[in-house]
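Here is how the chains run, residue by residue.
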Amino acid sequence: MEKKIYLDNAATTRTRPEVVEAMLPYFSELYGNPSSVYEFASQNKKAVDDARGIIAKALSADSSEIYFTAGGSESDNWALKAAVDAYADKGNHIITSKIEHHAILHTCEYLQKHGIEVTYVDVDENGVLKLDQLEKAIRPTTILISIMYANNEIGTMQPIKEIGEIAKRHNILFHTDAVQAFGQVAIDVNELNIDMLSASAHKLNGPKGIGFLYIRKGVKIRSLLHGGAQERQRRAGTENVPGIVGFGKATQIAIETMKDRIEKEIKLRSLLMNRILKEIPYVRVNGDKVRRLPNNINFSFQFIEGESLLIMLDMKNICASSGSACTSGSLDPSHVLLAIGLPHEIAHGSLRLTVSDENTEDEMNYTVDQIKEVVDKLRNMSPLYEDFVKKRYSTASE
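Here is what the cut-offs are and how they apply
Residues numbered from 1 in each chain as written. Predicted model: local features only at pLDDT ≥ 70, side-chain atom pairs only at ≥ 80, totals over all residues. Heavy atoms only, no water. Salt bridge = Lys/Arg side-chain N within 4 Å of Asp/Glu carboxyl O. Helix = DSSP H or I, 4+ residues; strand = E, 2+ residues; numbered from the N terminus. Buried < 20%, exposed > 50% of the residue type's maximum accessible area, 1.4 Å probe, protein only. Axes fitted to C-alpha atoms, helices over the stretch in contact; angles between N-to-C directions. Parallel < 35°, antiparallel > 145°, perpendicular 65-115°, else oblique. Left-handed = near helix turned anticlockwise from the far one by under 90°. Contact = heavy atoms within 4.5 Å. Pairing = 2+ DSSP bridges. Phe/Tyr/Trp six-rings, centres within 6.5 Å; stacked < 30°, edge-to-face > 60°. Lys NZ or Arg CZ within 6 Å of the ring centre and 35° of its normal. Patch = residues over 30% accessible without salt bridge, like charges linked within 9 Å, V, L, I, M, F, W, Y side chains within 5 Å. Areas by Shrake-Rupley, 256 points an atom, 1.4 Å probe, with all protein chains shown as cover. Right-handed = clockwise from strand over helix to strand, strands pointing away.

A.B. asks: So what's going on with the pattern of salt bridges? Residues and values would help.
C.D. replies: Two side chains bearing opposite charge may form a pair once their charged atoms approach each other closely. Following the criterion strictly, the structure yields 20 salt bridges and no others. Ionic pairing is found between Glu-358 and Arg-14, a salt bridge with its closest N-O pair at 2.5 Å. Linking Glu-358 in the loop between strand 12 (350-354) and helix 13 (361-380) with Arg-14 in the loop between strand 1 (5-6) and helix 1 (17-23), this pair joins segments that are 344 residues apart in sequence. For Arg-14, a relative accessible area of 44% corresponds to the partly exposed category. Note that Arg-216 is salt-bridged to Asp-195, the shortest N-O span being 3.5 Å. Taken together, the residues span a long stretch of sequence, with Arg-216 in the loop between strand 8 (211-215) and helix 8 (230-233) and Asp-195 in the loop between strand 6 (173-177) and strand 7 (196-200) at a distance of 21 residues. Taking the relative accessible area as the measure of exposure, Asp-195 reaches 14% and is therefore buried. One salt-bridge network, in which partners are shared between bridges, spans Arg-275, Glu-279, Asp-369 and Lys-372.

See below:
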C-alpha cells in the first residue's frame, strides 16, 4: 500500500483542517495581545475566553477553573510542584503510580531530591491501580494523589471515580493526567471528585504546544511561571492565542463526534486485536481488554525486538510505536510493561497501535498482513525462536 497508514495517534494526531482554519486569522490578521486594553486586542481576549468556555463545558467545570499552558508536561509539573509548595504546612508526602507518564515520574524524582516523600503504588497485570494499596499508602502528611486517567502505552483506564472518592474521604488533593483521555472519553470533574486535571491539544486533533490545567475553585495552587499577570495571575506569559483557539475548536469537534468516533475506533481496534491474536502465535495483549481507551491496542510478540518490528513496518508505510514517544530513543524496556509483570525479553517485543476515526478497515487488514509477514521474518532470524522450536519439536517427539 503506497498510502501512509498512521497508527500512532497516542503520540500525536493530525490537526484537523477545521482547527487550522479557525486558527489562521489569529496569526496575521487578529494578532493583538489579549492583555492589551484597546479594541483590537479585545477580540483576541474574547476568542481566548470562548475557547476556555468550550473546554470548561467539556469537563462540567467553570471557565474560571481552566488555565492554559504550553502542554501536558507543563500542566503536570505545575500541578505537582505548586501543590507541594502551597500545602507544605500540611505535609510532604504524595502518592502516584508506577505506570505514570515521565512528566509525572520525573517531576516526582525532582521533588524527592528536595525533601518530598513519594509512594509509587503498584498496578495489576492489566495495569489497573491497586486501590487497597493506594488507601494503605495514605499518611497524615499526604497532600496529593496523582494518578493518570488512562495509560499512554497500554490504554488501561483507571478507576478514577473510586480514586477521587478515596482522596475526598481523606481530604487529599486529587490530580489526574488526562492527556490521553480528554476528548476520547466523557469526563465530569465534579462527579469524579477531580481537583486538578492536565490535558494537551495535540492528542485530540488540535495544535501542538498548547494545553491546560484544570484547577478546582478553592485549591491553593501557586504559579509555576512568574512574570506578567496573565491567566488571572497564575500563569505568566503572553497567551498563545492561535493555539488556544485551535484547542477550543478541537475540543468542540471531539465532544460533538465522540459517540460515533468511539464506535468506529472500537470496531477498528477489535479487528486488529482479533486477527492478530488468531493468526499470530506467541503474542499477548497488554492492558485491560475492556477498560481501555477505544483507540488503543498494545501487543507483545515473543522472540522479536520491537525496534526491528517498527523499522520494518515503517518500510511498509505503517507508522506505529513501541510505547511512549518520549522514550523512543531508549533501549530499556517500557517501565509500564515491566510494572504489569512482563519479563524484559517479552517487554522488548512490544507494539502499540493507536487508531483514529480516519483509519479504515482496509488499512487494518493490510497492517495485520504486514505484521504477520514481518514477525515471521524476524522470528526466522532469531536464535531464541530457533531454540524454542527445536525444544518444542524434541519434546513432542518423545
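What follows continues from the structure just given.
A.B. asks: I'd like a description of the packing of helix 9 (residues 241-279) against helix 13, backed by residues and values.
C.D. replies: Where helix 9 contacts helix 13, the axes come no closer than 10 Å and their chain directions differ by 25 degrees. Considered as vectors, helix 9 and helix 13 are oriented roughly parallel to each other. Every pair of crossing elements has a handedness; the one defined by helix 9 and helix 13 is right-handed. Contacts between helix 9 and helix 13 involve Lys-267, Leu-268, Leu-271, Leu-272, Arg-275, Ile-276 and Glu-279 from the former and Glu-361, Met-364, Asn-365, Thr-367, Val-368, Asp-369, Ile-371 and Lys-372 from the latter.

A.B. asks: So what's going on with the sheet that holds strand 6? Residues and values would help.
C.D. replies: Judged by pairing direction, the sheet is mixed, and its seven strands sit side by side in the order 2-8-7-6-5-3-4 without closing on themselves. Edge strands, defined here as strands with exactly one partner in the open sheet, are strand 2 (66-69) and strand 4 (117-121). This sheet shows a mean twist of 20 degrees between the axes of neighbouring strands, independent of strand direction. Two strands pair when backbone bridges link them, and strand 6 and strand 7 are joined in this way by three bridges, in the parallel orientation. Paired with Thr-176 across the strands is Leu-197, a residue of strand 7. Sheet strands in contact with helix 3 (residues 39-58) are strand 2 and strand 8, and its direction is about 115 degrees off that of strand 2. Lying over the sheet, helix 4 (residues 72-86) contacts strand 2, strand 3 (93-97), strand 5 (142-146), strand 6, strand 7 and strand 8, oriented at roughly 160 degrees with respect to strand 7.

A.B. asks: Pulling in residues and values, what's your account of the pairing of strand 5?
C.D. replies: Regular strands show a simple pattern: their side chains alternate between the two faces of the sheet. Buried residues dominate strand 5, accounting for five of its five residues. Bridge count between strand 3 and strand 5: three bridges; the pairing is parallel. In the strand pairing of strand 5, Ile-94 is matched with Leu-144. One ladder, built from three bridges, connects strand 5 with strand 6; its direction is parallel. Along strand 6, the bridge assignment pairs Ser-146 with His-175.

A.B. asks: So what's going on with the packing of aromatic side chains? Which residues, and what values?
C.D. replies: Per the stated rule, a full pass over the model turns up eight aromatic pairs. Taken together, a centroid distance of 5.6 Å and an interplanar angle of 40 degrees make the contact between Phe-212 and Phe-247 tilted. Placement of Phe-212 in strand 8 and of Phe-247 in helix 9 is noted, with a sequence separation of 35 residues between them. Under the relative-accessibility criterion, Phe-212 is labelled buried at 0%. Since its relative accessible area comes to 0%, Phe-247 is described here as buried. When the centroid spacing of 5.9 Å and the interplanar angle of 40 degrees are considered together, the rings of Phe-299 and Phe-301 count as tilted. The exposure class of Phe-299 is buried, given its relative accessible area of 0%. Directly above the aromatic system of Tyr-110 lies the positively charged group of Lys-81, at a separation of 4.6 Å from the ring centroid. Between Arg-232 and the ring centre of Tyr-67, over which it is positioned, the NZ or CZ distance is 4.1 Å.

A.B. asks: Any details on a nonpolar patch on the surface? Residues and values, ideally.
C.D. replies: A cluster of nonpolar side chains, contributed by Val-20, Leu-24 and Phe-27, occupies part of the molecular surface with about 290 Å² of accessible area. When you line up the elements, Leu-24 lands in the loop between helix 1 and helix 2 (25-28).

A.B. asks: Account for the pairing of strand 4, with residues named and values stated.
C.D. replies: For strand 3 and strand 4, the ladder comprises five bridges, and the chain directions are parallel. What sits directly across from Ile-94, in strand 4, is Val-118. As for the winding sense of the linkage, the β-α-β connection from strand 3 through helix 5 (residues 102-112) to strand 4 is right-handed.

A.B. asks: Any details on the sheet that holds strand 10 (residues 296-301)? Residues and values, ideally.
C.D. replies: As summarised here, the arrangement of the three strands in space is 9-10-12, forming an open sheet in which the pairing is antiparallel. Strands at the two margins of the open sheet, each flanked by one partner only, are strand 9 (283-286) and strand 12. This sheet shows a mean twist of 25 degrees between the axes of neighbouring strands, independent of strand direction. With four bridges connecting them, strand 9 and strand 10 associate as antiparallel partners. Following the sheet pairing, Val-283 is matched in strand 10 by Phe-301.

A.B. asks: How would you sum up the environment of Asn-77? Please name residues and give values.
C.D. replies: Turning to its location among the elements, Asn-77 is positioned in helix 4. Given the relative accessible area of 18%, Asn-77 is considered buried. Note: C-alpha distance between Asn-77 and Leu-105 (28 residues apart in sequence) is 9.9 Å. Not counting residues up to four positions away in its chain, the partners in contact with Asn-77 are Ala-82, Ala-103, Thr-107 and Leu-224.

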